[in-house]
Amino acid sequence: GNIYYRENQAMRFFDKMKDWKEEKVVFGSWLRTKERREFSQQFESFKFYGSCNHNLAVPLMHAANSTLHILPDFAMDRGLMTARVFTSQMAHCLCFCDSKIYGADQFFPPELLVKDGKELAKKYKQYINKRSVTTILAKRDELMKDHTVENRAYQFVELLRHYA
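Residues numbered from 1 in each chain as written. Predicted model: local features only at pLDDT ≥ 70, side-chain atom pairs only at ≥ 80, totals over all residues. Heavy atoms only, no water.

Undergrad: Got a minute to help me understand the overall build of the protein in this structure?
TA: When helices and strands are counted, the protein shows eight helices and five strands. Reading the helices (α) and strands (β) of the protein from amino to carboxyl end gives α-β-α-β-α-β-α-α-β-β-α-α-α. Principal axes of the C-alpha set define a box for the protein whose edges measure 55 × 40 × 30 Å. When burial is assessed residue by residue, the protein has 40% of its 164 residues classed as buried. Partitioning the intrachain contacts of the protein with sequence separation of at least 6 by distance along the chain shows that 66% fall at a separation of at least 24. Element-wise, carbon and sulfur atoms account for 54% of the exposed surface of the protein, whose accessible area totals about 10,200 Å². Charged side chains of the protein number 26 positive and 20 negative; the gap between the two group centres comes to 3 Å. (Helix = DSSP H or I, 4+ residues; strand = E, 2+ residues; numbered from the N terminus. Buried < 20%, exposed > 50% of the residue type's maximum accessible area, 1.4 Å probe, protein only. Contact = heavy atoms within 4.5 Å. Areas by Shrake-Rupley, 256 points an atom, 1.4 Å probe, with all protein chains shown as cover. Lys, Arg positive; Asp, Glu negative; His and termini not counted. Charge placed at Lys NZ, Arg CZ, Asp CG, Glu CD.)

Undergrad: Got a minute to help me understand the packing of aromatic side chains in this structure?
TA: Between two aromatic rings, the relevant description is the distance of the centres plus the angle of the planes. This model, assessed by the stated rule, comprises 11 aromatic pairs. Centre to centre, the rings of Phe14 and Phe48 are 6.4 Å apart; their planes meet at 65°, and the pair counts as edge-to-face. Of the two residues, Phe14 is situated in helix H1 (residues 7-17) and Phe48 in strand S2 (residues 46-48); the sequence distance between them amounts to 34 residues. Overall, the relative accessible area of 7% leaves Phe14 in the buried class. Taking relative accessible area as the criterion, Phe48 reaches 14% and is therefore assigned buried. Pairing Phe39 with Phe43 gives two aromatic rings, centres 5.7 Å apart and planes at 70°, and the pair type is edge-to-face. With relative accessibility at 15%, the residue Phe39 sits in the buried group. Taken together, the ring pairs connect Phe14, Trp30, Phe39, Phe43, Phe46 and Phe48 into an aromatic cluster. Above the ring of Phe46, the side-chain terminus of Lys24 is found at 5.2 Å from the ring centroid. (Phe/Tyr/Trp six-rings, centres within 6.5 Å; stacked < 30°, edge-to-face > 60°. Lys NZ or Arg CZ within 6 Å of the ring centre and 35° of its normal.)

Undergrad: Mind showing me how you'd approach the nonpolar core here?
TA: It is characteristic of soluble globular proteins that their nonpolar side chains tend to be buried jointly. Residues Phe14, Met81 and Phe108 are the most contacted members of the largest nonpolar core, which totals 36 residues. At the level of secondary structure, the elements contributing two or more residues to this core comprise H1, S2, helix H4 (73-76), strand S4 (94-98), strand S5 (113-114), helix H6 (117-127) and helix H7 (130-144). Beyond its immediate sequence surroundings of up to four residues, Met81 is in contact with His69, Cys97, Ile101, Ala104, Phe107 and Phe108. (Core = buried A, V, L, I, M, F, W, Y, C linked by side-chain atoms within 4.5 Å.)

Undergrad: What am I meant to see in the packing of H1 against H6 here?
TA: Axis angle and axis distance: for two packed helices, these are the angle between their axes and the distance between the axes, and together they describe the pair. Two elements in contact, H1 and H6, have axes separated by 7 Å at closest approach and are oriented at 55°. When the axis of H1 is compared with that of H6, the two are oblique. Between H1 and H6, the residues in contact are Arg12, Phe13, Lys16 and Met17 and Gly117, Lys118 and Leu120, respectively. Of the residues contributing to the contact of H1 with H6, the split by class is three nonpolar, one polar and three charged. (Axes fitted to C-alpha atoms, helices over the stretch in contact; angles between N-to-C directions. Parallel < 35°, antiparallel > 145°, perpendicular 65-115°, else oblique. Nonpolar A, V, L, I, M, F, W, Y, C, P; charged D, E, K, R; others polar.)

Undergrad: Would you mind going over unusual backbone geometry with me for this structure?
TA: As a rule of thumb, non-glycine residues mostly have phi less than zero, and peptide bonds are mostly trans rather than cis. One non-glycine residue, His92, adopts positive backbone phi at about 55°. For His92, the location among the structural elements is in the loop between helix H5 (83-90) and S4.

Next up, the structure:
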């Protein structure tokens, strides 16, 4: 994702993942300015690329073992999930999520909620086998049903009926 205001999250997750043997790729605007490039350089074992659109994100996520969803502080407190949450689900990609995001448990099962890079490493190793991935994605599919356009429209109509 984009770097804007995600430095704290990068430190909490990326810093603890520096010694992972797995390949770590980061997409977004992390290299757009000199300041951002300098910040990103401290994570030498990560490969940083530019932003990519939705059409490219789906196959990239599908090919990945997993992804991590982090938000800037202002969005964490409000529980503002980005489109990448849904992109990862469409790509059948195991998407871990920062547990500090308000309402994250409404989008992600407990197995995918992580507080930092250390917990991410532990859960990644625990759940990366095919059987676990399939089970966790099925749990996430159930949670995601609440966030479809159809369900939101139904909830809105019900609210209108209730207060009419």
